[in-house]
Amino acid sequence: MKGNLKQRGLYYDFRDKRQQRTTTGLRREDKIKCSLEGVGFILLFAWFFYRSALALPFLLPVYFLYQKERRGLLLKMRKKEMAVQFKDTILAVSASQKAGYAVENAFRQAYEDMILLYGKESPICKELYSIIAGLKNNMPIEALLYDLGKRSGVEDIVEFAQVFAVAKRSGGKLTEIIERSASVIEDKVETEKEIQVVISARRMEQRIMNGVPFGILLYISIASRGFFDVLYKNAAGIIVMTICLGVYLGAIFLSGKIVDIEV
């Protein structure tokens, strides 16, 4: 794809390192939060399943697995946030074009609208600022949009940039194409929102069920002291609790996949 775009003159290879960053990536505070949550989980597992700090080194794979899943979830949330904000940007661009603005000026006006809607520090405003800076340096708008799509990893932006580039180069009706693309993206975003609303109750049930085993173990441990002692400090108990831990982690993974519905 990149080679084809280069042949058509639609792809720009940015050399400025500042332009290579993406606002959909994880922030430092996100990484710290994920690490602390992971440490908290393996401490919880070490106490509930083994009652020993010696189990912590053996639980490191669980820690890394949690890091991978949690960071992937946060990245997915960032991408969804960017997709929603980009949808509003394209709607603003479409409205400006109908008012007679050139496409480059329409994006400049959309930047002002997005500041009012999301704030200057929002992901889309930072990206639009970079696009406007690129326009001032005579970079083609289609290359700037394509670069945004590739860096953000948002499929809707990449597809829009490709359609926009072909239409602009071939002299198509940009106003109609942008309006139609905005309508498609808006329908997709709204459909995804409706799905999330429908399964929100199931997500809450999933979170509750994930915590139920710990609640049961804690209750029995307090109400009947020594009831679970046979499961700790011996080889047979360690094997049984390890199997229980594996089943529990598998159930969490499976339930997460069930409620993870994408459009």
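Quick caveat, the model's predicted, so the values are computed rather than measured.

A.B. asks: Before we move on, could you go through the overall build of the protein and cite the residues and values that matter?
C.D. replies: Helix and strand content of the protein: 10 helices and zero strands. Counted from the first residue to the last, the protein has its helices and strands arranged as α-α-α-α-α-α-α-α-α-α. When burial is assessed residue by residue, the protein has 37% of its 263 residues classed as buried. For the protein, the proportion of contacts with a sequence separation of at least 24, taken over those separated by at least 6, is 69%. Roughly 15400 Å² of accessible area belongs to the protein as shown, and the carbon and sulfur atoms make up 62% of that amount.

A.B. asks: Can you lay out the side chain of Gln 97 for me, pointing to particular residues and giving the numbers?
C.D. replies: Mapped onto the fold, Gln 97 is located in helix H4 (residues 60-98). Accessibility expressed as a relative area gives 11% for Gln 97, which makes it buried. In this view, Gln 97 contacts Ala 102, Val 103, Ala 106, Leu 174, Thr 175 and Ile 178; residues no more than four positions away in its chain are not counted.

A.B. asks: I'd love a proper account of the layout of surface pockets, names of residues and values included.
C.D. replies: One water molecule sets the probe size; rolling that probe over the atoms shows where empty space is left. In this structure, the largest pocket occupies an estimated 1300 Å³ of space. Along the walls of the largest pocket sit 32 residues, with Glu 69, Arg 70, Leu 73, Gln 206 and Gly 256 positioned nearest its centre. Every element with two or more residues in the lining of the largest pocket is listed here: helix H3 (28-50), H4, helix H9 (174-223) and helix H10 (235-259). Ranked by residue count, the leading element in the lining of the largest pocket is H4, at 13 residues.

A.B. asks: I'd love a proper account of the pattern of salt bridges, names of residues and values included.
C.D. replies: Under the defined criterion, the tally for this structure stands at 10 salt bridges. As a salt-bridge pair, Arg 70 and Glu 37 come within 3.4 Å of each other at their nearest N and O atoms. Within this pair, whereas Arg 70 is found in helix H4, its partner Glu 37 is found in helix H3, the two being separated by 33 residues in sequence.

A.B. asks: I'd like to hear about the packing of H3 against H4, residue by residue, with values.
C.D. replies: One way to put it is that H3 packs onto H4 with a least axis distance of 9 Å and a crossing angle of 140°. Remark: the crossing between H3 and H4 carries right-handed chirality. Across the interface between the two elements, Asp 30, Lys 31, Lys 33, Cys 34, Ser 35, Glu 37, Gly 38, Val 39, Phe 41, Ile 42 and Phe 45 of H3 pack against Val 62, Tyr 63, Tyr 66, Gln 67, Arg 70, Arg 71, Leu 74 and Arg 78 of H4. A per-class count over the contact of H3 with H4 returns nine nonpolar, three polar and seven charged.

A.B. asks: Which residues make up the packing of aromatic side chains, and what values go with them?
C.D. replies: For the coordinates displayed, the defined rule picks out 15 aromatic pairs. Centroid distance Phe 41 to Tyr 66: 4.9 Å. Interplanar angle 50°. Geometry classified as tilted. Pair noted here: Phe 41 is in helix H3 and Tyr 66 is in helix H4, with a separation of 25 residues, a long-range link. Taken together, a centroid distance of 6.5 Å and an interplanar angle of 85° make the contact between Phe 107 and Phe 164 edge-to-face. Within this pair, whereas Phe 107 is found in helix H5 (residues 103-118), its partner Phe 164 is found in helix H8 (residues 155-170), the two being separated by 57 residues in sequence. Here the aromatic cluster, defined as three or more aromatic residues joined through ring pairs, consists of Phe 41, Phe 45, Trp 47, Phe 48, Phe 49, Tyr 66, Phe 214 and Tyr 248. Here the guanidinium or amino end of Arg 51 rests over the ring plane of Trp 47, the centre of that ring lying 4.3 Å away.

A.B. asks: Quick one: what's the story with the packing of helix H7 (residues 141-152) against H8, residue by residue and with numbers?
C.D. replies: As a packed pair, H7 and H8 sit with axes 8 Å apart at the nearest point and diverge in direction by 165°. Viewed along their axes, H7 and H8 adopt a mutual orientation that is roughly antiparallel. Regarding H7 and H8, the two cross each other, and that crossing is left-handed. Contact residues: Ile 141, Glu 142, Leu 145, Tyr 146, Leu 148, Gly 149, Lys 150 and Ser 152 in H7; Ile 157, Val 158, Phe 160, Ala 161, Gln 162, Phe 164, Ala 165, Lys 168 and Arg 169 in H8. Here the residues of the contact of H7 with H8 are counted per class, giving 10 nonpolar, three polar and four charged.

A.B. asks: Tell me about the nonpolar core, and name the residues and values.
C.D. replies: Counting 37 residues, the largest nonpolar core has Phe 86, Phe 107, Ile 131, Leu 145, Phe 160 and Phe 164 as its most contacted members. Contributions of two or more residues to this core are made by H4, H5, helix H6 (123-136), H7, H8 and H9. Core analysis: the second largest hydrophobic core is formed by 17 residues, Phe 45, Tyr 50, Val 62 and Tyr 248 among them.

A.B. asks: How would you summarise the side chain of Thr 89 if you had to cite specific residues and measurements?
C.D. replies: With respect to the helices and strands, Thr 89 occurs in helix H4. Aside from chain neighbours lying at most four places away, what touches Thr 89 is Ala 110, Met 114, Ile 124 and Leu 128.

Parameters and conventions
Once a new chain begins, its residue numbering starts again from 1 and follows that chain's sequence as written. Per-residue local features of the predicted model are confined to residues with pLDDT of at least 70, and side-chain atom pairs are confined, for both listing and counting, to 80 or more; whole-chain, interface and lining totals are unaffected and use all residues. Values reported for side chains reflect all heavy atoms of the structure, with hydrogen atoms and water molecules removed beforehand. Going along the chain from the N terminus, every DSSP run of H or I of four or more residues is numbered as a helix, and every run of E of two or more is numbered as a strand. Residue burial is assigned from relative accessible area. The probe radius is 1.4 Å, only protein chains are included, and a residue is buried under 20% of its type maximum, exposed over 50%, and partly exposed in between. The criterion used for residue contact is that any of the two residues' heavy atoms lie within 4.5 Å. Areas reported here follow the Shrake-Rupley algorithm with a probe of radius 1.4 Å; residue values treat only the protein chains shown as occluding. Put plainly, a pocket is an open set of points on a 1 Å grid over the protein atoms alone with protein on both sides within 12 Å along at least five of seven lines, a cavity is a set where a 1.4 Å probe fits but cannot get out, and a lining residue has an atom within 4 Å of a point. Grid points are joined across faces, edges and corners, and a volume is the space filled by probe spheres set on the points. Criterion for a salt bridge: a side-chain nitrogen of Lys or Arg within 4 Å of a carboxyl oxygen of Asp or Glu. For helices, the fitted axis covers only the stretch in contact; all axes are lines through C-alpha atoms, and the angles between them, taken along N-to-C directions, range from 0 to 180 degrees. In a left-handed crossing the near helix is turned counterclockwise from the far helix by less than a right angle, and in a right-handed crossing that turn is clockwise. Each residue is assigned to one class: nonpolar for Ala, Val, Leu, Ile, Met, Phe, Trp, Tyr, Cys and Pro, charged for Asp, Glu, Lys and Arg, and polar for all the others, Gly among them. Classification of ring pairs rests on two measures: the distance between centres of Phe, Tyr or Trp rings, Trp counted by its six-membered ring, which must be within 6.5 Å, and the angle between planes, read as stacked under 30 degrees, edge-to-face over 60 and tilted in between. Whether a charge sits over a ring comes down to the Lys NZ or Arg CZ being within 6 Å of the ring centre and within 35 degrees of the ring normal. Throughout this description, any angle smaller than 35 degrees is read as roughly parallel, any larger than 145 degrees as roughly antiparallel, any in the 65 to 115 degree range as roughly perpendicular, and the remainder as oblique. Only buried Ala, Val, Leu, Ile, Met, Phe, Trp, Tyr and Cys residues count toward a nonpolar core, and they belong to the same one when joined by side-chain atoms within 4.5 Å.

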